[in-house]
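# Results of the structural survey
As a plain string of letters, each chain reads:
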Amino acid sequence: MTTQELNNQKNTEQAAIEKRREHLKTESTRIIDMAGNEPNSALKCIHQLSVAGGATEATYVAIEQRVVADQDPTGAYHLALLAQNTPDLPIDARQLIELVVNKGDNDLLLALLKNLPLPPVEVIQARILASDDGEAIGKMNAYLQINPEGYGSQHMLASGQADRIVPLSPARRVDND
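Turning to the overall build of the protein, a few remarks are in order. Along the protein, the regular secondary structure elements total eight helices and zero strands. Starting at the N terminus and walking to the C terminus, you meet the elements of the protein as α-α-α-α-α-α-α-α. Pairs at least 24 residues apart make up 62% of the contacts formed inside the protein by residues separated by at least 6 positions. Of the roughly 10,300 Å² of accessible surface on the protein, 50% is carried by carbon and sulfur atoms.

Right, here's the structure in full:
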């Protein structure tokens, strides 16, 4: 490859990066506007975020603010999972998890139990048992029977992943036995 061809390739790659960056900025602005102005739009915003393939930090913050303003446990669940899988997001996953635990229905609680790397098992268990929902209690017991520690289904915890686990409250500690 000649120097000219290498330079052309670099310029083409740089143009593609700039185009992608502009697209993400545009999508971010649109999602932030939606989150700021449309009540109960968190799931729609999260979907748009996925379609765009990413966004600015301000976008994640705007979606989190929408979830909290609406007290939306479903939006909180999905955003908490995003936060667990992308540890550098500027959102408070602990607050989102608490929202799901306090306001979510049994389906969301079971999903949280199964999909969070280390869910607040005792609190989820107490909420589901208090609901007197036999089907949900059966599902929870079956899951905890095969997974008594309550590690989520993605529990392949390597030694370096302990810092990615978000406990339910700041006072609660996670032991790495």
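A few words on the environment of Asp72. Here Asp72 is to be found in the loop between helix H3 (57-70) and helix H4 (73-85). According to the relative accessible area criterion, Asp72 is buried, its value standing at 13%. Taking the C-alpha atoms as reference points, Asp72 and Asn40, 32 residues apart in sequence, are found 7.3 Å from one another. Contact partners of Asp72, with chain neighbours within four places excluded, come to Ala42, Val67 and Leu99. A polar contact of 3.0 Å, which involves the side chain of Asp72, links it to the backbone nitrogen of Gly75.

Further remarks concern the nonpolar core. Within the largest apolar cluster, 40 residues are counted, with the highest numbers of intra-cluster contacts made by Ile63, Val67, Leu112 and Ile128. The set of elements that each furnish at least two residues to this core consists of helix H1 (3-37), helix H2 (42-52), H3, H4, helix H5 (93-103), helix H6 (106-115), helix H7 (121-131) and helix H8 (134-146). Each residue touching Val67, except ones within four places of it in the same chain, is listed here: Ala42, Asp72, Gly75, Ala76, Leu79, Leu96 and Leu99.

In an α-helix, one turn spans 3.6 residues, which is why side chains three or four residues apart end up on the same side. Those residues of H7 lying buried are Val121, Ile124 and Ile128. Mapping the buried residues of H7 onto a view down its axis gives an arc of 70 degrees, with all of them on the same face. Tucked inside the fold, the buried residues of H7 contact H5, H6 and H8.

If you check H3, its first and last C-alpha atoms are 20 Å apart, about what 14 residues at 1.5 Å a residue would give, namely 20 Å. Residues of H3 that are buried include every one of Thr59, Tyr60, Ala62, Ile63, Glu64, Arg66, Val67 and Asp70, and no others. For H3, the elements touching its buried residues are H1, H2, H4 and H5. Phi turns positive one or two residues past the end of H3, at Gln71, with a value near 50 degrees.

This next bit is on the environment of Val68. Inspection of the secondary structure assignment puts Val68 in helix H3. The exposure class of Val68 is partly exposed, given its relative accessible area of 30%. With 26 residues separating them in the primary sequence, Val68 and Ala42 have C-alpha atoms 9.6 Å apart.

How each quantity is defined
- Residues numbered from 1 in each chain as written.
- Predicted model: local features only at pLDDT ≥ 70, side-chain atom pairs only at ≥ 80, totals over all residues.
- Heavy atoms only, no water.
- Helix = DSSP H or I, 4+ residues; strand = E, 2+ residues; numbered from the N terminus.
- Contact = heavy atoms within 4.5 Å.
- Areas by Shrake-Rupley, 256 points an atom, 1.4 Å probe, with all protein chains shown as cover.
- Buried < 20%, exposed > 50% of the residue type's maximum accessible area, 1.4 Å probe, protein only.
- Polar contact = N/O pair within 3.5 Å; in protein donor to acceptor, adjacent residues only side chain to side chain.
- Core = buried A, V, L, I, M, F, W, Y, C linked by side-chain atoms within 4.5 Å.
- Arc of directions from axis to C-beta.
- Expected span 1.5 Å × (residues − 1).

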